[in-house]
Amino acid sequence: MRALQAEGVKTIFGYPGGSIMPVYDALFDYTRGEKKCFDHILVRHEQGATHAAEGYARVSGEVGVALVTSGPGVTNTLTGIADAMLDSTPIVVIAGQVAISALGTDAFQEVDLVGLAQPISKWSYQIRHAEDVAWAVSRAFFIARTGRPGPVVLDFPKNAQVEEIDWEPKKVDFVRSYVPYPSLDMNVVRQAADLINNAQRPLAVVGQGVELGNAQEELKAFLEKADIPAGRTMLGLSALPSNHPLNVGMLGMHGNYAVNLKEQECDVLIAIGMRFSDRVTGNVKTYAKQAKIIHLDIDRSEIDKNVKTDVAVVADCKESLPALTALLNPNEHKAWRDSFQKLDERERTKVIEPAIHPKDGPLLMGEVVNAVACQAADDAILVTDVGQNQLFATRYFKYHHKRSICTSGGLGTMGYGMPAAIGATFGAPDRQVCCFMGDGGFQMCIEELGTIMEQRASVKMILLNNNYLGNVRQWQDMFWMRRKSFTKMMNPCYELIAQGYGIPYQAVTDRKDLEAAVERMLTTDGPFILECAIKEDDDVLPMTPPGMNVDDMMLEI
């Protein structure tokens, strides 16, 4: 407890059990009375603890903490650990373990956590003796929060939990062979500046690294000085406000039409804190082959991993962006920026307007997201589950402030939304949290309604119910001859479920009732479930079919 206190921990998401009971007994005193310094949030499933820790970390910029027991308790966290690793989310998972004298005997609830977690974490370590606790905890937080953030796992055998030692605080700020912040090479910065200064059609592709590096203002200064249009990845959406004049939309498979096609026309592409995911590049063999590629990233392993780079600036973008900006000539690329408009208008006419302002028929996901976005607070946080709800929500929500999006990007974890939203309410208690979920993802984490009930966590849950696993259904319709193999959902009565948990609820089946229902949800204190009956075959567009070229993006099916 004292080691966690020294790291500034305020909130712990967890679930007790036999092998972590000594820690929970100590936690008792630190959550009440004069010693109180932690809030412990009792989740209903250990996977929920990791996703809640992720949501907390994403919106607060701090390290999220999950505390669980051994065996099935910690194996339940592995999905969240892998999710955090792929999305560079700083969390520390502390798990109980059988005593070291019982290791290797197949003792009750024994599992090789270090071996399981090693490939999906930044660091995985077993604390075998009490004297190592202070050092291990400090090292864990140092590794989790520095450089490219990520998850760290501490395996805590029971003997080490009950041993007694004299307390000696430790502060780890150096790990041999671990260089979290590479030194900036000004020679490559000058090379990058020369390319940008001579570019006629520059394009920035902005990822979550800008948010993780707290370099949002540095990004604006860079873009504005050289007049560079910028697309954002899904996880980087709130790195640049939606209404910024140089924002040209979302990149990727279901991103905006113009910016995806213009990737294939730009002469210099500046990638900032993004990893060239296959969901962004499409077919890498044809991706931006006409462009010189400049890649700014803190993680050297990302350079040339997916896309060949002409100039690599390996450093924290909080440092590299200002250095690069200082060498840029003030510029104007009006003709290049104006060339986006015709494509933008085509998408607006064929896709956006029909999606957010339909004239008749059942409710559509796009119009529900738009209705919420129009009434939500300027600093509202978008949390999504995974599937069509995620794709529509990220497309049509509005981002005005930094750290305004929580979604599972790299792993695409269904069941992420609700617990991540719970974590977000603790990480940013003064901000509105709007969580969009499909009927499939909602049921994957439905037990966390118990956590929301107990904490009165102010999660505004928008359930987009189309009675299908919608994203898989769309792919089946498009690529599998409409053979809907096990994607139809038989759903429960969500009103009765909400009633059982004491959570206010409203269903909307007619669009004339939508605006008032959204207003009621957003003005109700505490949690709320808004269930919207969605058209069953509502499809997400535009779309670049998997494995196809970015400029093969479809506006209609």
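So, a few notes on the structure that sits alongside this text. Source: prediction; values computed, not measured.

### A look at the overall build of the protein chain
Working step 1: Within the protein chain, the regular secondary structure consists of 24 helices and 18 strands.
Working step 2: Against the globule reference of 24 Å for 557 residues, the protein chain gives a C-alpha radius of gyration of 24 Å, in line with a compact fold.
Working step 3: For the protein chain, the C-alpha atoms occupy an extent of roughly 70 × 60 × 45 Å along the three principal directions.
Working step 4: Residues classed as buried in the protein chain amount to 59% of the 557 residues present.

### What about empty space enclosed by the protein?
Working step 1: Using the criterion set out here, one finds 2 cavities of 30 Å³ or more in the structure.
Working step 2: In this structure, the largest cavity occupies an estimated 70 Å³ of space.
Working step 3: Around the largest cavity, the lining residues are E7, G8, V9, K10, T11, Y56, E62, V63, V65, F141 and R145.
Working step 4: The space that makes up the second largest cavity amounts to roughly 40 Å³.
Working step 5: Counting only elements with at least two residues in the lining of the second largest cavity, the list comes to helix 1 (2–6) and helix 7 (133–145).
Working step 6: No other element matches the 3 residues that helix 7 contributes to the lining of the second largest cavity.
Working step 7: In the lining of the second largest cavity, the residues fall into 6 nonpolar, 1 polar and 2 charged.

### Considering the packing of helix 11 (residues 216–226) against helix 14 (residues 317–326)
Working step 1: At a minimum axis distance of 9 Å, the contact between helix 11 and helix 14 shows a crossing angle of 25°. For the element pair helix 11 / helix 14, the angle class is roughly parallel. Crossing of helix 11 against helix 14: the hand is left-handed. Counted together, E218, L219, A221, F222 and K225 of helix 11 and K318, L321, P322, L324, T325 and A326 of helix 14 form the full contact between these two elements.
Working step 2: Class assignment of the residues belonging to the contact of helix 11 with helix 14 gives a composition of 7 nonpolar, 1 polar and 3 charged.

### Observations regarding the sheet that holds strand 10 (residues 268–272)
Working step 1: Overall, parallel pairing links the 6 strands, which are arranged 9-8-7-10-11-12 in an open sheet. Looking at strand neighbours, the two that pair on one side only are strand 9 (247–250) and strand 12 (311–314), the edges of this open sheet. Strand after strand, the sheet turns through a mean of 20° between neighbouring axes, direction not considered.
Working step 2: Bridge count between strand 7 (residues 202–206) and strand 10: 5 bridges; the pairing is parallel. Across the sheet, the residue bridging to L203 is L269, located in strand 10.

### Quick look at the side chain of H51
Working step 1: For H51, the location among the structural elements is in helix 3 (residues 46–60).
Working step 2: A relative accessible area of 0% places H51 in the buried class.
Working step 3: Excluding residues that lie within four positions of it along the chain, H51 makes contacts with G80, D83, T413, G415, Y416, P419 and A420.

### A closer look at the layout of surface pockets
Working step 1: Each pocket or cavity is described by its volume, and for the second largest pocket that value is around 810 Å³.
Working step 2: Taken together, 28 residues make up the lining of the second largest pocket; nearest its centre are M1, R2, V133, Q161 and W167.
Working step 3: Of all elements in the fold, only helix 1, helix 2 (21–30), helix 7 and helix 8 (158–162) reach the threshold of two or more residues within the lining of the second largest pocket.
Working step 4: The element that contributes the greatest number of residues to the lining of the second largest pocket is helix 2, accounting for 5 residues.
Working step 5: Its residues placed into classes, the lining of the second largest pocket shows 18 nonpolar, 1 polar and 9 charged.

### Comments concerning helix 24 (residues 514–523)
Working step 1: Within the span of helix 24, buried status applies to L514, A517, V518, M521 and L522. End-on, the buried residues of helix 24 take up no more than an arc of 130°, which puts them together on one face. Exposed side of helix 24, more than 90 degrees from the buried face: E515 and T523 are the residues found there.
Working step 2: Tucked inside the fold, the buried residues of helix 24 contact helix 17 (365–375), strand 15 (433–438), strand 16 (459–465), strand 17 (505–508) and strand 18 (528–533).

### Topic: unusual backbone geometry
Working step 1: Cis geometry is found at the peptide bond from L541 to P542, where omega equals -5°.
Working step 2: In this fold, P542 is placed in the segment after strand 18.
Working step 3: In the Ramachandran plot, N467 falls in the positive-phi region, its phi being about 60° despite a non-glycine side chain.
Working step 4: Relative to the helices and strands, N467 resides in the loop between strand 16 and helix 22 (470–479).
Working step 5: Accessibility expressed as a relative area gives 26% for N467, which makes it partly exposed.
Working step 6: Despite not being glycine, R482 shows a phi value in the positive range, around 60°.

### Some points on the nonpolar core
Working step 1: Ranked by internal contacts, the top residues of the largest apolar core, which has 68 residues, are L269, F397, F436 and C532.
Working step 2: Membership of the second largest hydrophobic core comes to 33 residues, among which are A226, A230, L296 and C317.

### Notes on the pattern of salt bridges
Working step 1: Per the stated rule, a full pass over the model turns up 25 salt bridges.
Working step 2: Between E302 and K305 there is a salt bridge, with the nearest N and O atoms lying 3.0 Å from each other.
Working step 3: The class for E302 is buried, based on a relative accessible area of 4%.
Working step 4: The residue D537 makes a salt bridge to K535 at a minimum N-O spacing of 3.8 Å.
Working step 5: In this structure D537 comes out as partly exposed when scored by relative accessible area, which is 41%.
Working step 6: Overlapping salt bridges, with partners in common, bring together R473, D477, R482, K484 and D539 in one network.

### Quick word on helix 11
Working step 1: Among the residues of helix 11, those classed as buried are Q216, E218, L219, F222, L223 and A226. Buried residues along helix 11 cover an arc of 160° about the axis, so they all sit on one side.
Working step 2: Against the buried residues of helix 11 lie helix 9 (186–197), strand 7, helix 10 (209–212), strand 8 (230–232), strand 10 and helix 14.

Rules behind the numbers
Residues numbered from 1 in each chain as written. Predicted model: local features only at pLDDT ≥ 70, side-chain atom pairs only at ≥ 80, totals over all residues. Heavy atoms only, no water. Helix = DSSP H or I, 4+ residues; strand = E, 2+ residues; numbered from the N terminus. Rg over C-alpha atoms; globule rule 2.2 N^0.38 Å. Buried < 20%, exposed > 50% of the residue type's maximum accessible area, 1.4 Å probe, protein only. 1 Å grid on protein atoms, 1.4 Å probe; cavity = no way out; pocket = protein on both sides within 12 Å on 5 of 7 lines; lining within 4 Å. Points joined across faces, edges and corners; volume = space filled by probe spheres on them. Nonpolar A, V, L, I, M, F, W, Y, C, P; charged D, E, K, R; others polar. Axes fitted to C-alpha atoms, helices over the stretch in contact; angles between N-to-C directions. Parallel < 35°, antiparallel > 145°, perpendicular 65-115°, else oblique. Left-handed = near helix turned anticlockwise from the far one by under 90°. Contact = heavy atoms within 4.5 Å. Pairing = 2+ DSSP bridges. Arc of directions from axis to C-beta. Core = buried A, V, L, I, M, F, W, Y, C linked by side-chain atoms within 4.5 Å. Salt bridge = Lys/Arg side-chain N within 4 Å of Asp/Glu carboxyl O.

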